[in-house]
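Here is how the chains run, residue by residue.
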Amino acid sequence: MTARVTGALTGVLAAALLAGCGAPDPAGEAASPAPAVSAEAPPPTTPEAAPTPGAALTPGAATTPDAGQTPDAALTPTPGGTGAAQPAGGANAADVAFARQMIPHHLQALEMARLAQTRAGDPWVGQLAAKVATARDADIRTFQGWLGLWGAEPLPRDHAMPGTQTRDEIEALAKLNGPRFDRKYVTLMIEHDNGAIKLARTEQAEGAFPGAKALAVATATSLSAEVKELKKYRALLD
């Protein structure tokens, strides 16, 4: 009797132990608390989803004109929508022609002035040549700036214009020294200045760009005074 009761109690205890220490219940494991995730948190970004640098906007794509396109700053449409182009800033064809001519015209004056600084016999001629070089160089820079804005190029260096000398005349001048150089230089500069005055007066009459017209007035005025000085000096040589 005692042995039978003891065996029954042993079976009950074993069943109880099996119920408490057996394999985990799947349902119980799913109910275990998990780390909280905010509903507002964005999903993680993968490398493929990240924007490629420069993909949204190619540098200069919105502002740089296509190859071969003329910048708006250089040319503006002509009135009437003909599709032709005119220089910007209120300039016209006469203004462009004036700048294109005056650069090589002044460059020849610079060339002769440099010869005078080493070959002149009279200090007055050398001093005049130095003033000519300074003034012409400043004007050339101004004309170059305008042509850059207008998308134009100066005429060739030896292009024939009012007052300019041929290459043979310049080379002949370069072979002279002293008083002979002085006389020839003064004579050529009178012709040269008168030619520049003619170009400046054409610009005054036909140009439209205020800056070019103002420089034309200044050129005609200063070179007219220069011609008077040169003529007085040449009279002393006669």
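Calculation notes
Residues numbered from 1 in each chain as written. Predicted model: local features only at pLDDT ≥ 70, side-chain atom pairs only at ≥ 80, totals over all residues. Heavy atoms only, no water. Helix = DSSP H or I, 4+ residues; strand = E, 2+ residues; numbered from the N terminus. Buried < 20%, exposed > 50% of the residue type's maximum accessible area, 1.4 Å probe, protein only. Contact = heavy atoms within 4.5 Å. Areas by Shrake-Rupley, 256 points an atom, 1.4 Å probe, with all protein chains shown as cover. Core = buried A, V, L, I, M, F, W, Y, C linked by side-chain atoms within 4.5 Å. Polar contact = N/O pair within 3.5 Å; in protein donor to acceptor, adjacent residues only side chain to side chain. Axes fitted to C-alpha atoms, helices over the stretch in contact; angles between N-to-C directions. Parallel < 35°, antiparallel > 145°, perpendicular 65-115°, else oblique. Left-handed = near helix turned anticlockwise from the far one by under 90°. Nonpolar A, V, L, I, M, F, W, Y, C, P; charged D, E, K, R; others polar. Salt bridge = Lys/Arg side-chain N within 4 Å of Asp/Glu carboxyl O.

Within the protein chain, the regular secondary structure consists of seven helices and two strands. In the protein chain, the order of α-helices and β-strands from amino to carboxyl end is α-α-β-β-α-α-α-α-α. Taking all 238 residues of the protein chain together, 30% fall into the buried category. Intrachain contacts of the protein chain at a sequence separation of at least 6 include 75% that bridge at least 24 residues. Roughly 14900 Å² of accessible area belongs to the protein chain as shown, and the carbon and sulfur atoms make up 60% of that amount.

Attention now goes to the nonpolar core. Across soluble globular proteins, nonpolar side chains have a tendency to be buried as a group. Membership of the largest hydrophobic core comes to 45 residues, with the highest contact counts inside it found for Phe98, Phe143, Trp150 and Tyr185. Those elements that place two or more of their residues in this core are helix H3 (93-119), helix H4 (123-150), helix H5 (167-174), helix H6 (178-206) and helix H7 (210-237). Considering every element that reaches this core, the biggest residue donor is H3, with 11 residues. Setting aside residues up to four positions removed in sequence, Phe98 forms contacts with Phe143, Leu199, Ala200, Glu203, Ala212 and Ala216.

A separate point is the side chain of Asp95. Here Asp95 is to be found in helix H3. Polar side-chain contacts of Asp95 include one of 3.0 Å to the backbone nitrogen of Ala208. Those residues in contact with Asp95 that sit more than four places away from it in its chain are Gly90, Trp150, Glu203, Gly207, Ala208, Phe209 and Ala212.

This paragraph deals with the packing of H3 against H4. The geometry of H3 relative to H4 is characterised by a closest axis approach of 8 Å and an angle of 155 degrees between their N-to-C directions. Classed by the angle they form, the pair H3 and H4 counts as roughly antiparallel. In the crossing of H3 with H4, the sense of the turn from one axis to the other is left-handed. For the contact of H3 with H4, a count of residues per class yields 19 nonpolar, four polar and five charged.

A separate point is the pattern of salt bridges. Using the criterion set out here, one finds six salt bridges in the structure. Asp137 is the salt-bridge partner of Arg141, the closest N and O atoms lying 3.1 Å from each other. Of this pair, Arg141 and Asp137 both sit in helix H4, four residues apart, roughly one helical turn. According to the relative accessible area criterion, Asp137 is partly exposed, its value standing at 30%. Among the salt bridges present, the one from Arg167 reaches Asp158, with a minimum N-O distance of 3.2 Å. On the basis of relative accessibility, which here comes to 29%, the residue Arg167 falls in the partly exposed class.

All right, on to the environment of Gly178 then. If you trace the backbone, Gly178 turns up in helix H6. Assessed through its relative accessible area of 16%, Gly178 is described here as buried. Sequence-wise, Gly178 and Ala116 are 62 residues apart; in three dimensions their C-alpha atoms are separated by 9.4 Å. In contact with Gly178, not counting residues within four places along its chain, are Arg119, Ala120 and Gly121.

Along the chain, the position of Pro210 falls in helix H7. Spatially, the C-alpha atom of Pro210 lies 8.0 Å from that of Ala91, the residues being 119 residues apart in sequence.

The next subject is the packing of H4 against H6. Direction vectors running N to C along H4 and H6 enclose 30 degrees, while the axes themselves pass 11 Å from each other. In terms of crossing hand, the pair formed by H4 and H6 is left-handed. Taking contact as the criterion, the partners of Val125, Ala129, Val132 and Arg136 in H4 are, on H6, Asp182, Tyr185, Met189 and Asp193. Considered class by class, the residues forming the contact of H4 with H6 number five nonpolar, no polar and three charged.

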